[in-house]
Amino acid sequence: MTFSIAIVLALLACGFVLFVIELFSIDVTAILLLTILLLLGYLSPSEAISGFSNPAVITIALLFILSHALEKTGLLEYLVVRINRLTSQSKSLGKTVYLLAIGFASAVVNNTAIVAIFIPVTIRMAQKFKISPSKLLIPLSYAAILGGTLTLVGTSTNLLVNSIYSASGAVKPLGMFEFTKYGLILLGIGLIYIVIIAPKILPSRSITS
């Protein structure tokens with residue numbers, strides 16, 4: 001092992017520790033590591049800033065703007081109101097429709113935004129049914145993850161993989177609905193598991209009154 005390799009591995013190890021303990025925010029830690037590698041000469045200036053011009057990064061930034069705009073329109077709030085009416089009629093039906101809505105919404109809107117928007121209504125549902133919030137918040141997270149497999153823009157990971165795939169010399173990049181049929185299968189199986197089996201094994205962190 002050369003000295004340069006040892007330095008890079010040590011920086012990666014330090015970066016991993018900083019990500020875990022969150023001494024700084026994740027973005028600050030990432031920029032800090034990038035700057036150190038640049039100053040040490042392991043990256044050229046063009047290589048250091050190449051990621052900021054990556055189409056996937058730009059697309060992700062635009063998706064955050066779209067998510068914020070969608071939130072401002074009140075469309076998601078309207079959806080939440082309709083779901084609340086369903087939960088008052090049938091707990092199981094309301095929960096199923098609720099998770100389906102999260103899954104399909106996360107197919108076109110950034111997952112982080114979807115989870116952030118639905119967290120308050122999820123907690124209200126837990127209080128209404130007098131169950132632990134963890135039994136609904138964890139399904140919320142997984143429904144958003146499963147919904148992200150439906151489209152190319154469903155998650156940041158899909159966009160990054162597509163970018164790498166295109167850069168590798170592929171004939172053409174992945175399409176918007178390239179793997180939707182497989183995503184629907186995963187979403188269906190995942191929701192069945194979440195609705196039927198997960199409530200029996202999910203922890204009860206606290207009981208709402």
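Everything discussed here concerns the structure shown above.
A short tour of the structure in this document, coming up. (Residues numbered from 1 in each chain as written. Predicted model: local features only at pLDDT ≥ 70, side-chain atom pairs only at ≥ 80, totals over all residues. Heavy atoms only, no water.)

### Points about the overall build of the protein chain
Phase 1 of the analysis: Of regular secondary structure, the protein chain possesses 10 helices and zero strands.
Phase 2 of the analysis: Reading the secondary structure of the protein chain in the N-to-C direction produces α-α-α-α-α-α-α-α-α-α.
Phase 3 of the analysis: Long-range contacts, defined here as pairs at least 24 residues apart, represent 66% of the contacts in the protein chain between residues at least 6 apart.
Phase 4 of the analysis: Surface exposure of the protein chain reaches about 12700 Å², of which carbon and sulfur atoms provide 73%. (Helix = DSSP H or I, 4+ residues; strand = E, 2+ residues; numbered from the N terminus. Contact = heavy atoms within 4.5 Å. Areas by Shrake-Rupley, 256 points an atom, 1.4 Å probe, with all protein chains shown as cover.)

### Notes on the side chain of N158
Phase 1 of the analysis: With respect to the element layout, N158 can be found in helix α9 (residues 156-167).
Phase 2 of the analysis: In this structure N158 touches G148, T149, T151, L152 and F179, once residues within four positions along its chain are discounted.

### Quick look at helix α1 (residues 3-21)
Phase 1 of the analysis: With 19 residues, α1 should reach 27 Å at 1.5 Å per residue; the first-to-last C-alpha distance of 27 Å fits that figure.
Phase 2 of the analysis: Positive backbone phi, approximately 55°, marks E22, located one or two places after α1. (Expected span 1.5 Å × (residues − 1).)

### Points about the packing of helix α7 (residues 111-129) against helix α8 (residues 134-147)
Phase 1 of the analysis: Close contact between α7 and α8 brings their axes to 9 Å; oriented N to C, the two are set at 150°. Between α7 and α8, the angle is such that the two are roughly antiparallel. You can see that α7 and α8 cross each other, and the crossing is right-handed. For the pair α7 and α8, contact is made by N111, V115, F118, I119, T122, I123, M125 and A126 and by L136, L137, L140, A144 and I145, respectively.
Phase 2 of the analysis: Per-class residue counts for the contact of α7 with α8 are 11 nonpolar, two polar and no charged. (Axes fitted to C-alpha atoms, helices over the stretch in contact; angles between N-to-C directions. Parallel < 35°, antiparallel > 145°, perpendicular 65-115°, else oblique. Left-handed = near helix turned anticlockwise from the far one by under 90°. Nonpolar A, V, L, I, M, F, W, Y, C, P; charged D, E, K, R; others polar.)

### Thoughts on unusual backbone geometry
Phase 1 of the analysis: Despite not being glycine, E22 shows a phi value in the positive range, around 55°.
Phase 2 of the analysis: Note that E22 resides in the loop between α1 and α2 (26-39).

### Topic: the packing of α1 against α2
Phase 1 of the analysis: Closest axis-to-axis distance for the α1/α2 pair is 10 Å, and the angle between their directions is 165°. As far as their axial angle goes, α2 and α1 are roughly antiparallel. Seen along the crossing, α1 lies across α2 with a hand that is right-handed. Counted together, L11, G15, L18 and F19 of α1 and I26, T29, A30, L33, I36 and L37 of α2 form the full contact between these two elements.
Phase 2 of the analysis: Per-class residue counts for the contact of α1 with α2 are eight nonpolar, two polar and no charged.

### A closer look at the nonpolar core
Phase 1 of the analysis: If you look at the biggest cluster of nonpolar residues, it comprises 26 residues, and the most contacted ones within it are Y98, L99, I102, I114, F118 and L191.
Phase 2 of the analysis: Listing elements by their share of this core, those giving two or more residues are α6 (91-105), α7, α8 and α10 (180-201).
Phase 3 of the analysis: Ranked by the residues each element gives to this core, the list is headed by α7, at eight residues.
Phase 4 of the analysis: Once residues lying within four places of it in the same chain are set aside, the contact partners of Y98 are I83, F118, V121, T122, M125 and L140. (Core = buried A, V, L, I, M, F, W, Y, C linked by side-chain atoms within 4.5 Å. Buried < 20%, exposed > 50% of the residue type's maximum accessible area, 1.4 Å probe, protein only.)

### What to know about the environment of V81
Phase 1 of the analysis: Note that V81 resides in helix α5 (residues 75-89).
Phase 2 of the analysis: Residue classification places V81 among the partly exposed positions, given a relative accessible area of 42%.
Phase 3 of the analysis: Each C-alpha atom of the pair V81 and V121 lies 9.2 Å from the other, and the pair is 40 residues apart in sequence.

### A few points about a nonpolar patch on the surface
Phase 1 of the analysis: Nonpolar side chains collect at one region of the surface, where F16, V17, V20, I21, L23, F24, V28 and L32 lie side by side and expose about 760 Å² of accessible area between them.
Phase 2 of the analysis: Where the nonpolar patch is concerned, the elements lending two or more residues are α1 and α2.
Phase 3 of the analysis: Among the elements that line the nonpolar patch, the one with the most residues is α1, at four residues.
Phase 4 of the analysis: Relative to the elements of secondary structure, V20 occurs in helix α1. (Patch = residues over 30% accessible without salt bridge, like charges linked within 9 Å, V, L, I, M, F, W, Y side chains within 5 Å. Salt bridge = Lys/Arg side-chain N within 4 Å of Asp/Glu carboxyl O.)

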